[in-house]
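Below, each chain spelled out in residue letters.
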Amino acid sequence: MIFHDILVIGGGLAGLRAAIAAAENKAEVAIVSKLYPPRSHSGQAQGGINAALGNNPKAADDNPEKHGFDTVKGSDYLSDQEAPIYLTEQAPDAVFEIEHWGCPFSRTEDGKIAQRPFGGAGYPRTCYGTDKTGHYILQTLFEQTIKHNIKTYNEWVVIALAKDVDACCGVIALNMHTGELQAMGANAVIFATGGSGRMYGNSTNAIPSTAFGVAMPYWAGVPLKDMEFVQFHPTSLYPNNILMTEGCRGEGGYLINKEGDRFMSKYAPKAMELGPRDIVARSIQTEILEGRGFEDAYVYLDLRHLGKAKIMERLPGIREITLDFIGLDPIEEPIPIQPGTHYCMGGIDVNMDGASPLPGFYAAGECACVSVHGANRLGGNSLLETVVFGKRAGTSAAEYVKDKAKQPRDNALERALKREEENLNRLLKSNGNENPYTINAELRKLMPEKAGLFRNEKLMAEGLAQIKALKERFKKIRPIVSGGSFNFDKTWALEIKGNLEVAEAVLAGALARKESRGSHFRTDFSKRDDANFLKHTIASYTPEGPKLSYRDVQITKYQPVERKY
Ligand SMILES: Cc1cc2nc3c(=O)[nH]c(=O)nc-3n(C[C@H](O)[C@H](O)[C@H](O)COP(=O)(O)OP(=O)(O)OC[C@H]3O[C@@H](n4cnc5c(N)ncnc54)[C@H](O)[C@@H]3O)c2cc1C
């Protein structure tokens, strides 16, 4: 039987950094990834990674403490404050480490790492490599995994956790090359399966970024935290929602409505286009809803005044995308944009060590909720979270496995394998006539409508009822051919099942949270309500739907006040 002391699931930035940390701490570790690691969504990150380096002349007095405060304020005071404080303290070292490993960051004239302004931040502190930062960092970390001789199971899809009585003891995975199910034993498992953005139709996320990675531990009894907080990025390309990085506005881009106004002056007079994402996204949507958008669907992101030289130097990827996908050159014309679903602040409930309530089970990166970002994430803080908390999860897991026997728990793994074989067969042999892709399309259509930028009781209750109905229909899907290598029909049945399950937790949490905070904005409860809702939503799986409970937010240094920008 396959056995590794630590198994990291996911080859994005969080998974790679966790695996490197485990190896640095002398643990034996392997990575399992459904994608070849450099194809992970982390590679799509454009704008940059935050660290208070003070390299920009306008940021000479920036420091990690200010970065920490901006992050807490950005979170609308829902983050557990030790986490953003740790994140921002670690940020400079984390960025220098990546630099020393060879990441080609853009440079200032005197050779330092270049930094641009980003939304909700008091100083220009987003370090970048043109508009391809995630791609550069991902390649850099992948090289380090090769240096450490870390074994990678590429194109293996994990489909379930394996548990013994006292702990997680591995995973069950589908080897896509052979089509076989395989039990993989481990003393610790670290999930780094990325975001769940593809539950929504209007998503900036890559197609593999489904909620299945979050659903697996949820089914295994690990709770989810703060799932109702879903970030809508202000600027995604109309009509296909490809991301137009915040770096566009960081470099000085304007947002313009049909009347030619820079409308952000109404909503965030000081920060303007560089307000935090929740506020800018709602402002754009308000303009569109009130008839000041184009074709009732978009406004303009105008870069023309930046000039050709700056666009070619700082935003070449943005220009490539607009040319390739809509035949538009941003040097000549403004870019049509609308908000798009971008990031899940919530996720698998873990502490700062990445440890979940299930011994031996860890999570890091976008699938996890530490919680750093609270109700709203600042741009540039997610790449940072993947490396800082990825490293910490890998280090903690290495410590945890130290005295454990280096052998698989055969009985528990065989039981899990048998159970999953039966579950999968039942799913594949389903003899109904529902098309799973139609169900997924219906889910992805309803999510932005019922759990979108503006929410209310009626919309969310309708949405929840619709998801329950979709779950019932999913039980009657058409048969699916079971064998074969690279049988994506089979894995998509599972991905869609995961989407339905986690979407239900998003809506249940949102419906119960009768206030507005960060990305969660209710027209029927438009104010933040600290007296009743300064707390985390914890969703536990039951076959009837999520069971909700609440946990206090850790407030240490910064007392909640109203956010103004
Ligand atoms: C277009 C875009 C631009 C962004 N730009 C920025 C930015 O400029 N700055 C910033 O801070 N943040 C940015 N973000 C957010 C940030 O990039 C992500 O949150 C972060 O990279 C997630 O990293 P991750 O390692 O958690 O997940 P991912 O990079 O998504 O990796 C997930 C991994 O899990 C694997 N996996 C998933 N499910 C399974 C399974 N069942 N079995 C086996 N393997 C599995 C996948 O193969 C993949 O390797 C951006 C996001 C998007 C979508």
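Sequence order sets the numbering: in each chain, residues are counted from 1 along the sequence as written. Since the coordinates come from a predicted model, pLDDT governs what is reported: local features require at least 70, and pairs of side-chain atoms require 80 or more to be given and counted, while whole-chain, interface and lining totals use all residues. Excluding hydrogens and water, the side-chain figures rest on all heavy atoms present in the structure.

**Section: empty space enclosed by the protein**
In this analysis a 1.4 Å probe is tested at points of a 1 Å grid over the protein atoms alone, and where it fits but cannot get out there is a cavity; an open set with protein on both sides within 12 Å along at least five of seven lines is a pocket; lining residues have an atom within 4 Å of a point. Grid points are joined across faces, edges and corners, and a volume is the space filled by probe spheres set on the points. What the rule picks out here adds up to 2 cavities of 30 Å³ or more. Of the pockets and cavities examined, the largest cavity occupies roughly 60 Å³. Along the walls of the largest cavity sit Phe3, Ala167, Cys168, Cys169, Ala186, Asn187, Tyr400, Lys404, Gln407, Pro408 and Arg409, which together make up its complete lining. All amino acids are sorted into three groups, where Ala, Val, Leu, Ile, Met, Phe, Trp, Tyr, Cys and Pro are nonpolar, Asp, Glu, Lys and Arg are charged, and the leftover types, Gly among them, are polar. When its residues are assigned to classes, the lining of the largest cavity shows 7 nonpolar, 2 polar and 2 charged. Reported here for the second largest cavity is a volume of approximately 30 Å³.

**Considering the packing of aromatic side chains**
Planes of paired rings set the category: under 30 degrees apart is stacked, over 60 is edge-to-face and the rest tilted, where pairs are Phe, Tyr or Trp rings (Trp by its six-membered ring) whose centres lie within 6.5 Å. Within the structure shown, the criterion is met by 16 aromatic pairs. On the basis of an interplanar angle of 75° and a centroid distance of 6.0 Å, the ring pair of Tyr200 and Phe232 is categorised as edge-to-face. In this pair, Tyr200 sits in the loop between β9 (180–191) and α5 (212–219) while Phe232 sits in strand β11 (residues 230–237), placing the two residues 32 residues apart along the sequence. Ring centres 6.2 Å apart and planes at 45° place the aromatic pair Phe486 and Phe488 in the tilted group. Taken together, the ring pairs connect Tyr238, Phe294, Tyr298 and Tyr300 into an aromatic cluster. In this analysis the charged atom, NZ for Lys or CZ for Arg, is taken to sit over a ring once it is within 6 Å of the ring centre and within 35 degrees of the ring normal. Directly above the ring of Tyr565 sits Lys73, whose terminal nitrogen or CZ lies 4.3 Å from the centroid. Between Lys497 and the ring centre of Trp219, over which it is positioned, the NZ or CZ distance is 4.9 Å. Starting at the N terminus, helices and strands are each numbered in turn, a helix being any DSSP run of H or I of at least four residues and a strand any DSSP run of E of at least two.

**Section: the site of the ligand**
Here a residue is considered near a molecule or strand provided that any single heavy atom belonging to it is located within 4 Å of it. Near the ligand you find 38 residues, and of these Ser40, His41, Ser42, Glu366 and Ser382 are the closest. Here a polar contact is recorded for every N or O atom pair within 3.5 Å, except that within protein the pair must consist of a potential hydrogen donor and a potential acceptor, and residues adjacent in sequence are included only if both atoms are side-chain atoms. With respect to the ligand, the backbone of Ala14 contributes an N or O atom lying 2.9 Å from an oxygen atom. Contacts to the ligand include Ser42, whose side-chain N or O atom sits 2.5 Å from an oxygen atom. Computed by Shrake-Rupley with a 1.4 Å probe, the accessible areas treat only the displayed protein chains as cover when residues are assessed. For the ligand, whose free accessible area comes to 1,000 Å², the fraction covered by protein is 98%. Of all elements in the fold, only α1 (13–24), β2 (29–33), β7 (156–163), β14 (335–344) and α11 (381–401) reach the threshold of two or more residues within the shell around the ligand. Ranked by residues supplied to the shell around the ligand, first place goes to α11 with 4 residues. Looking at side-chain class alone, the shell around the ligand contains 14 nonpolar, 21 polar and 3 charged residues.

**So, helix α12 (residues 410–428)**
Helix length check: α12, at 19 residues, gives a terminal C-alpha distance of 26 Å against a target of 27 Å (1.5 Å per residue), a fit within 8%. Should any heavy atoms of two residues lie within 4.5 Å, those residues are considered in contact. In the core, the buried residues of α12 are packed alongside β7, β8 (168–175), β9, α14 (457–474) and α15 (488–512). How far a helix is expected to stretch is found by multiplying one less than its residue total by 1.5 Å.

**Structural notes on the layout of surface pockets**
Looking at the second largest pocket, its volume works out to about 870 Å³. Forming the boundary of the second largest pocket are 28 residues, of which Trp219, Asn423, Lys497, Glu501 and Tyr541 lie nearest the centre. Mapped onto the lining of the second largest pocket, the elements with two or more residues apiece are β7, α5, α12, α14 and α15. For the lining of the second largest pocket, the element with the highest residue contribution is α12, accounting for 6 residues.

**As for the nonpolar core**
Proteins that are soluble and globular tend to have nonpolar side chains buried together. Grouped together as the largest cluster of nonpolar side chains are 130 residues, with contacts concentrated most on Ile6, Ile49, Phe191, Ile348 and Met447. Here this core takes 12 residues from α15, the largest share from any one element. Within the second largest apolar cluster, 24 residues are counted, among which are Cys248, Met264, Leu303 and Ile321. Grouping buried Ala, Val, Leu, Ile, Met, Phe, Trp, Tyr and Cys residues that are joined through side-chain atoms within 4.5 Å yields what is termed a nonpolar core. Partly exposed describes any residue whose relative accessible area lies between the buried limit of under 20% and the exposed limit of over 50%, with all areas from a 1.4 Å probe on protein chains only and scaled to the type maximum.

**A look at the environment of Gly68**
Relative to the elements of secondary structure, Gly68 occurs in helix α2 (residues 64–74). Accessibility expressed as a relative area gives 2% for Gly68, which makes it buried. The spacing of Gly68 and Tyr86 is 18 residues in sequence and 8.2 Å in space, taken between C-alpha atoms. Look past the residues within four positions of Gly68 in its chain and what remains in contact with it is Pro84 and Thr88.

**Structural notes on the pattern of salt bridges**
The working definition used for a salt bridge is a side-chain nitrogen of Lys or Arg within 4 Å of a carboxyl oxygen of Asp or Glu. As enumerated under the stated definition, the model contains 52 salt bridges in all. Between Asp5 and Lys406 there is a salt bridge, with the nearest N and O atoms lying 2.8 Å from each other. Note that Asp5 is positioned in strand β1 (residues 2–9) and Lys406 in the loop between α11 and α12, a separation of 401 residues in sequence. On the accessibility criterion, Asp5 (5% relative accessible area) is buried. Of the residues examined, Lys406 reaches a relative accessible area of 46% and is grouped as partly exposed. Here Glu449 and Lys445 are joined by a salt bridge, their closest N and O atoms 3.2 Å apart. One end of the pair is Glu449 and the other is Lys445, both in helix α13 (residues 436–450) and 4 residues apart, which spans about a single turn. On the basis of relative accessible area, Glu449 is assigned to the partly exposed category, the value being 40%.

**Examining the domain arrangement of the protein chain**
What the domain assignment reports for the protein chain is domain 1 (1–229 + 345–565) and domain 2 (231–342). Between domain 1 and domain 2, the contact holds 33 residues from the first and 38 residues from the second. Roughly 2,900 Å² of surface becomes buried between domain 1 and domain 2 when both sides are summed, with 54% attributable to carbon and sulfur atoms. If you look at where domain 1 meets domain 2, you find 3 salt bridges. Between Arg116 and Glu251 there is a salt bridge, with its nearest N and O atoms 2.8 Å apart. The residue makeup of the side of domain 1 that touches domain 2, split by class, is 11 nonpolar, 15 polar and 7 charged. For each domain, the first and last residues come from an automatic or database assignment. A quick way to say it: buried area is the sum, across both parts, of accessible area lost when two parts are put together, with a 1.4 Å probe.

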